[in-house]
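Given next are the chains, with one letter for each unit.
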Amino acid sequence: MNSCKEIQINNFIEKLKSRSPLIHNITNMVTINDVANIELACGARPIMAMAPQEMDEVTGICDGLNLNIGTPSEERFEAMRIAARMAAKKNIPIVLDLVGVGVSRFRMDFVMSLLDEVHVDVIKGNLSEVKAVMEHGRCDGGVEVTDTAAESDAKALACRAALRYGCICVITGETDYVAELCDEADCYDNNESSLMSTDATGTGVMDNCVVDADGYTHNYRVGSITGGHPMMKRVTGTGCMLSGLICSFAAADCDDKYGAVTAALSCMKSAGALAASDMSEHGRGTNSCYFIKPGNAAYRDRLIDAVYHICDGDYEQM
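Okay, so let's go over this structure. Throughout, a residue's number is its position along its own chain's written sequence, starting from 1. Only residues with pLDDT of at least 70 get local features here, since the model is predicted, and only at 80 or more are side-chain atom pairs given and counted; chain-wide, interface and lining totals rely on the full set of residues. Each side-chain value is worked out from all heavy atoms of the structure, with water and hydrogens disregarded.

1. Here's the deal with the overall build of the chain
Thinking step 1. Numbered from the N terminus, helices here are DSSP runs of H or I no shorter than four residues, and strands are runs of E no shorter than two. Secondary structure assignment for the chain yields 11 helices and 9 strands.
Thinking step 2. Any residue under 20% of the maximum accessible area for its type is buried, any over 50% is exposed, and the rest in between are partly exposed; the area is computed with a 1.4 Å probe on protein chains only. Here the chain holds 318 residues, and the buried ones make up 54% of them.
Thinking step 3. Between two residues, a contact is recorded if the distance between any of their heavy atoms is within 4.5 Å. Partitioning the intrachain contacts of the chain with sequence separation of at least 6 by distance along the chain shows that 72% fall at a separation of at least 24.
Thinking step 4. Carbon and sulfur atoms make up 47% of the accessible area of the chain, which amounts to about 13,900 Å² in all. Here the accessible surface of atoms and residues is derived via Shrake-Rupley with a 1.4 Å probe, and residues count as covered only by protein chains that are part of the display.

2. Focus on the pairing of strand S5 (residues 122-126)
Thinking step 1. In terms of burial, S5 is a largely internal element, 5 of the 5 residues being buried.
Thinking step 2. Residues of S5 alternate between two faces, with Val122, Lys124 and Asn126 on one and Ile123 and Gly125 on the opposite face, all of them buried.
Thinking step 3. Pairing of strand S4 (residues 94-97) with S5, which is carried by 3 bridges, proceeds in the parallel orientation. Following the sheet pairing, Asp97 is matched in S5 by Lys124.
Thinking step 4. At this point the chain moves from S4, through helix H5 (residues 105-117), to the parallel S5, and the crossover so formed is right-handed.
Thinking step 5. Both S5 and strand S6 (residues 168-172) contribute to a ladder of 5 bridges, which runs parallel. Its bridge partner being in S6, Val122 is matched across the sheet by Ile168. One bridge is not enough; two strands pair if DSSP finds at least two bridges between them. A clockwise course of the path from the first strand over the helix to the second, judged with the strands pointing away from the viewer, identifies a crossover as right-handed.

3. Observations regarding helix H9 (residues 238-252)
Thinking step 1. Between its first and last C-alpha, H9 extends 21 Å over 15 residues, near the 21 Å set by a 1.5 Å rise per residue.
Thinking step 2. With respect to burial, H9 is a largely interior element, 14 of its 15 residues being buried. Multiplying 1.5 Å by the residue count of a helix minus one yields the expected span of that helix.

4. Looking at the packing of aromatic side chains
Thinking step 1. When the centres of two rings from Phe, Tyr and Trp lie within 6.5 Å, Trp using its six-membered ring, the rings pair. Their planes under 30 degrees apart give stacked, over 60 give edge-to-face, and anything left gives tilted. Inspection of every chain in the model, using the stated rule, returns 2 aromatic pairs.
Thinking step 2. Consider the rings of Phe77 and Phe106, whose centres lie 4.9 Å apart with planes at 40°: the pair is tilted. Remark: Phe106 occurs in helix H5 and Phe77 occurs in helix H4 (residues 74-90); sequence separation between them is 29 residues.
Thinking step 3. With a relative accessible area of 1%, Phe77 lands in the buried category.
Thinking step 4. Arranged with centres 3.9 Å apart and planes meeting at 0°, the rings of Phe77 and Phe110 form a pair that is stacked. Taken as a pair, Phe77 in helix H4 and Phe110 in helix H5 lie far apart in primary sequence, 33 residues in all.

5. Thoughts on the packing of helix H6 (residues 127-135) against helix H7 (residues 151-165)
Thinking step 1. Where helices are involved, their axes are fitted lines through C-alpha atoms of the stretch in contact, as for all axes, and angles between N-to-C directions lie from 0 to 180°. At their nearest, the axes of H6 and H7 sit 10 Å apart, and the two run at 45° to each other. By the angle between their directions, the pair H6 and H7 is classed as oblique. Where H6 crosses over H7, the two elements pack in a sense that is left-handed. Two secondary-structure elements touch here, H6 through Leu127, Val130, Lys131, Val133 and Met134 and H7 through Ala154, Leu157, Arg160, Ala161, Arg164 and Tyr165. Relative orientations are named as follows: roughly parallel for angles under 35 degrees, roughly antiparallel for angles over 145 degrees, roughly perpendicular for angles from 65 to 115 degrees, and oblique for any other angle. Helix crossings are classified by the rotation of the near helix relative to the far one: an anticlockwise turn of less than a right angle makes the crossing left-handed, while a clockwise turn makes it right-handed.

6. Points about the side chain of Asn66
Thinking step 1. By the secondary structure assignment, Asn66 is in strand S3 (residues 64-68).
Thinking step 2. With relative accessibility at 1%, the residue Asn66 sits in the buried group.
Thinking step 3. Those residues in contact with Asn66, other than ones at most four positions away along the chain, are Ile23, His24, Asn25, Ile26, Val35, Glu39, Val95, Ser243, Gly244 and Cys247.

7. Quick word on the pattern of salt bridges
Thinking step 1. Salt bridge, as applied in this entry: a Lys or Arg side-chain nitrogen positioned within 4 Å of an Asp or Glu carboxyl oxygen. Throughout the structure, instances matching the rule amount to 13 salt bridges.
Thinking step 2. Here Asp63 ties to Arg19 by a salt bridge, and the two come within 3.3 Å at their closest N and O atoms. One end of the pair, Asp63, is in the loop between helix H3 (55-60) and S3; the other, Arg19, is in helix H1 (residues 9-19), with 44 residues separating them in the sequence.
Thinking step 3. Arg19 sits in the partly exposed class, given a relative accessible area of 41%.
Thinking step 4. Where Lys233 meets Glu174, a salt bridge forms, and the shortest distance between an N and an O atom there is 3.3 Å. Within this pair, whereas Lys233 is found in the loop between strand S9 (217-225) and H9, its partner Glu174 is found in the loop between S6 and strand S7 (176-181), the two being separated by 59 residues in sequence.
Thinking step 5. Glu174 gets classed as exposed once you look at its relative accessible area, which sits at 62%.

8. A few points about unusual backbone geometry
Thinking step 1. Of note in the backbone geometry, Ser20 takes a positive phi value of approximately 50° without being a glycine.
Thinking step 2. Looking at where Ser20 falls in the secondary structure, it is placed in the loop between H1 and strand S1 (22-26).
Thinking step 3. At Asn91, a residue that is not glycine, the phi angle is positive and equals roughly 60°.
Thinking step 4. For Asn91, the position within the fold is in the loop between H4 and S4.

9. Here we look at the packing of H4 against H5
Thinking step 1. For the pair H4 and H5, the least separation of the axes is 11 Å and the interaxial angle reads 15°. Taken together, the axis directions place H4 and H5 in an arrangement best described as roughly parallel. Considering the relative orientation of H4 and H5, their crossing is right-handed. In this structure, H4 uses Glu74, Phe77, Met80, Arg81, Ala84 and Arg85 to contact H5, whose residues at the interface are Phe106, Arg107, Phe110, Ser113, Leu114 and Glu117.
Thinking step 2. Of the residues belonging to the contact of H4 with H5, the class tally is 6 nonpolar, 1 polar and 5 charged. The nonpolar class holds Ala, Val, Leu, Ile, Met, Phe, Trp, Tyr, Cys and Pro. Asp, Glu, Lys and Arg form the charged class, and all remaining residues, Gly among them, are polar.

In C-alpha cells form, the structure reads like this:
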C-alpha cells in the first residue's frame, strides 16, 4: 500500500471482519476482560490463555499475539517467551505493550531479553515507557507518562526505536505517533503529505525522514494521529485495549502492518470521541432522590460500544 495515499480505514475494518483473527492475549490482569471485549467488538476472537504448559498449542492456532507486561510474574514472563517463540516460528504479528517497563529492573530485563530473542512487530508505550526502553531508564511515575517532548522529538524517538528493533513503534498520548523504517520508494510519493483518516476525531499526517545520531539518514513512515477525549485518561486500561485492537488489525492484514496499526489507532481515537459525544444525564428516574450522571465506568462501556458500532459500519467515516 502506498503510504502517501489516503489510508482507507474502512478497508482494514472489512479485512478484520472478514478474517475474524484469533488473538492470543497474555495481557494485564487488571484489564483482561476489557481487552477481550474490545477485540470481540472489532470483529476479532480473543483467547486469554496464560499457563506456560499450553503456550505452544494455543499460540500455534492463533493469528496474532498480544503481550502486555502490566502485571508481571515469573510464570507469566515464561509464558510470554514460549508464546513469542511460537509466534515468530509461525510468522504471526507480535505486539508488545511496554506497560510500566521502567518501574522495575524485573520488567526491563524481561523486555530487553525478549527483544533480543525474537522479532516483535509492534512495540507500544507512552513517551516515558519508550524512552525508558531506549535509554534503559526508569519510569518514576509508574505506568503514567511523566516525560514531555516536542512533537519533533517524540517522532524522532519513535523512529529511533523503530530502527533499533526493526519494528513499528507506537508512542501513545494526546497525539499518537507511529513510525516504521522503510525503503525510500515506499515512503515517498512526490514528497506529498497525506491524511491517514478524514475525520477530525482521528486524523494524521505523514512526515519524511529523520537523521539519526549516527549521522546516517534513514527513511521512515511517520504518522501522527489526533483525536480521542480527555475521559480516556479516567479509565484504566484504555492503552491495554488499544494493544488488543492493534494486534487484531495487524493480524487481519499482515501485508500492511503499518497501515493496519494506524487504522487501529484512528479507530480508538474516534471511539474515544464518540463514546463521550452523547453521555447525557441519566439516573434512576426523575422522581428519585438519587441522580447519577454517567462517569468513567459508563464511559468504559461506551468506549467498547463505540468500537463495535464503528467496526460494524454504523458510522460511514471515522
